[in-house]
Amino acid sequence: MDAQHGTTGRGGAVWVLVITSVAGFMAALDNLVVTTALPSIRQSLGGGLEDLEWTVNAYTLTFAVLLMLGAALGDRFGRRRLFMVGLAVFTAASAAAALSPGIGELIAFRAAQGVGAAIMMPLTLTLIGAAVPPERRGAALGVFGAVTGTAVAGGPLIGGALTEHISWQWIFWLNVPTGLVLLALARLRLGESYAPKAPLDIRGTVLVSAGLFGIVYALVDTASHGWTDPVVLTGLTAGTALLVLFVRHGIRAENPMLPMRLFRSRAFLGINAASLLMFLGMFGSIFLLSQFLQTGLGHSPTEAGLRMLPWTGMPILVAPFAGYLSDRFGGRPVVVTGLALQAVGLALFALIIEPGVSYTAQLPALVIGGVGMALYFAPAASLVLSSVRPGEQGIASGANNALREVGGALGVAVLAAVFAAQGGYGSPRLFADGTVPAVWIGAGAVALGALVALLIPGRRSAGRPAPEPVDRRATEPEPVAARAAPLGSGES
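Residues numbered from 1 in each chain as written. Predicted model: local features only at pLDDT ≥ 70, side-chain atom pairs only at ≥ 80, totals over all residues. Heavy atoms only, no water.

With that settled, the discussion passes to the overall build of the protein chain. Within the protein chain, the secondary structure is distributed over 20 helices and 2 strands. In the protein chain, which comprises 492 residues, the proportion classed as buried is 58%. Here the analysis covers contacts within the protein chain between residues at least 6 apart in sequence; of these, 85% occur between residues at least 24 apart. Entry remark: accessible area of the protein chain is about 18900 Å², with carbon and sulfur atoms responsible for 66%. (Helix = DSSP H or I, 4+ residues; strand = E, 2+ residues; numbered from the N terminus. Buried < 20%, exposed > 50% of the residue type's maximum accessible area, 1.4 Å probe, protein only. Contact = heavy atoms within 4.5 Å. Areas by Shrake-Rupley, 256 points an atom, 1.4 Å probe, with all protein chains shown as cover.)

Before going further, it helps to examine the nonpolar core. In this structure, F287, W311 and L339 are the most contacted members of the largest nonpolar core, which totals 102 residues. When residues in this core are grouped by element, the largest group, 15 residues, is from helix α11 (residues 266–296). For W311, the contacting residues outside a window of four places in its chain are M282, S285, I286, L289, Q342, L346, L366, G369, G370 and M373. Judged by nonpolar contacts, the second largest core, of 32 residues, contains L123, I128, A131 and A186. (Core = buried A, V, L, I, M, F, W, Y, C linked by side-chain atoms within 4.5 Å.)

Among the surface-exposed residues, V14, W15 and V18 lie close enough to one another that they form a single nonpolar patch of about 270 Å² accessible area. Its location among the elements puts V14 in helix α1 (residues 12–32). (Patch = residues over 30% accessible without salt bridge, like charges linked within 9 Å, V, L, I, M, F, W, Y side chains within 5 Å. Salt bridge = Lys/Arg side-chain N within 4 Å of Asp/Glu carboxyl O.)

For the structure shown, the criterion picks out 10 aromatic pairs. Ring geometry for W54 and F213: centres 5.8 Å apart, planes at 35 degrees, overall tilted. Residue W54 is located in helix α3 (residues 49–77), and its partner F213 is located in helix α9 (residues 202–225); the two are separated by 159 residues in the primary sequence. Classification of W54 by relative accessible area gives buried; the value is 12%. Ring centres of W54 and Y217 lie 6.4 Å apart, and the angle between their planes is 40 degrees; this geometry places the pair in the tilted category. Residue W54 is located in helix α3, and its partner Y217 is located in helix α9; the two are separated by 163 residues in the primary sequence. A relative accessible area of 34% places Y217 in the partly exposed class. (Phe/Tyr/Trp six-rings, centres within 6.5 Å; stacked < 30°, edge-to-face > 60°.)

It is worth spelling out the packing of α3 against α11 at this point. A packed helix pair is summarised by two numbers, namely the angle formed by the two axes and the spacing between the axes. It is the contact of α3 with α11, at a shortest axis distance of 12 Å, that shows an interaxial angle of 135 degrees. Considering the angle they form, α3 stands oblique to α11. Note that α3 runs across α11; the crossing there is right-handed. Residues L49, L52, E53, V56 and T60 of α3 pack against F283, F287 and Q291 of α11. When grouped by side-chain class, the residues that make up the contact of α3 with α11 number 5 nonpolar, 2 polar and 1 charged. (Axes fitted to C-alpha atoms, helices over the stretch in contact; angles between N-to-C directions. Parallel < 35°, antiparallel > 145°, perpendicular 65-115°, else oblique. Left-handed = near helix turned anticlockwise from the far one by under 90°. Nonpolar A, V, L, I, M, F, W, Y, C, P; charged D, E, K, R; others polar.)

Okay, the pattern of salt bridges next. Summed over the entire model, instances satisfying the criterion amount to 3 salt bridges. Close ionic contact of R79 with D75 constitutes a salt bridge, the shortest N to O distance being 2.8 Å. With respect to burial, R79 and D75 carry one shared label: buried.

Positionally, P230 belongs in helix α10 (residues 230–252). The spatial distance from the C-alpha of P230 to the C-alpha of A218 is 9.7 Å, given a sequence separation of 12 residues.

Turning to the environment of F172, a few remarks are in order. Mapped onto the elements, F172 comes out in helix α7 (residues 170–173). Note: C-alpha distance between F172 and A93 (79 residues apart in sequence) is 8.7 Å.

Keep in mind these numbers describe shape, not what the thing actually does.
The structure is reproduced here in structure tokens:
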């Protein structure tokens, strides 16, 4: 049972929505804001391709593996308290990142940002759910989604503009005054609530964190050491073994962070596998293409951000239409079509990439990819929630978010490894030579995601998830933080 004290009414639901939406905006923005600043960071702090990868992945990986633990900590120790802890960590880490004297320090503080975001983000929707009456909750969550979606769309542009007109450090300084104001408002305007019996799966968190770190570390290290290096082989082997143990833990443990029985549902398996592949191909491609626009074509950071808007910003325009199509025809055909269009967009990009390619030639790839992204995002959340029983929706949504972020981290590592094997930073020609095969891999991953999404039952065959053995734990109320774990917090 949830326990509450304090009063959300001190500021009302509007204050709660403002505080949580701005916090969500900051966390979502930091997923992509750094991409257009990477060339400037490289010039300022030095480092090679693997360092730039970790500048992105240190955030996404820690965010992914600690997301569900952050929700459980909030349930156990107080949601407002842990929201403020996460916000404070995120804000302090942002200031430290801006002051980083070297690339190693920047990577470490990006990881700390991810820790703060993982604690803060799953509690944003929990706080909204507790403060907003059920009849207004849909509208409130729509506002929250629109704000975080704007952060994703504007990430490359904001990062480019700050980098070019002030300095790359300001992509992190921007969070500091905002975070301090939010901390004061949260202390004054948010009420406290608990679910004191919420389980903490420390063993599962350690297994999945160490396993994913080993695999991503090995993939990143291939750029400088090759696939047969002992460190690379050890990371891949040990990481895989730990993930196998994590799966075993998810089957046998009493309260695992990710119950493996959920994957018995074709719908749950299909949408989550498709989401992982989508982010692997899309995020890895954005990592390289945002740099290609500057290193390969000579655009400024602001120009690079503007040129990516037809891709990253299209979901804002197309999402309402995509939602209508999903309601009319069901989620599966819309998701499959969206993934197919995103794959086509990346393939078109791979076909035209070369030094000096015109923006006119790039535009069809950007628009088609953006429309595909929007068609995927609109019904994805609904498909995840409808694939499990109501009491399991929080775990399902948290797992989907985590798998998306894991896909992004793997995408950067895999595509950068392909880039390093075929090209480099030596010249625009060399950069294009490395980017082309990497983007083809990204297109293939998203196309495979479209095929996997066909596993999702269609509207006629989709009913309730198959019944499973009754478990006393399954009949107990889900902690609010689990029920409200954010779907698409970093993307839509």
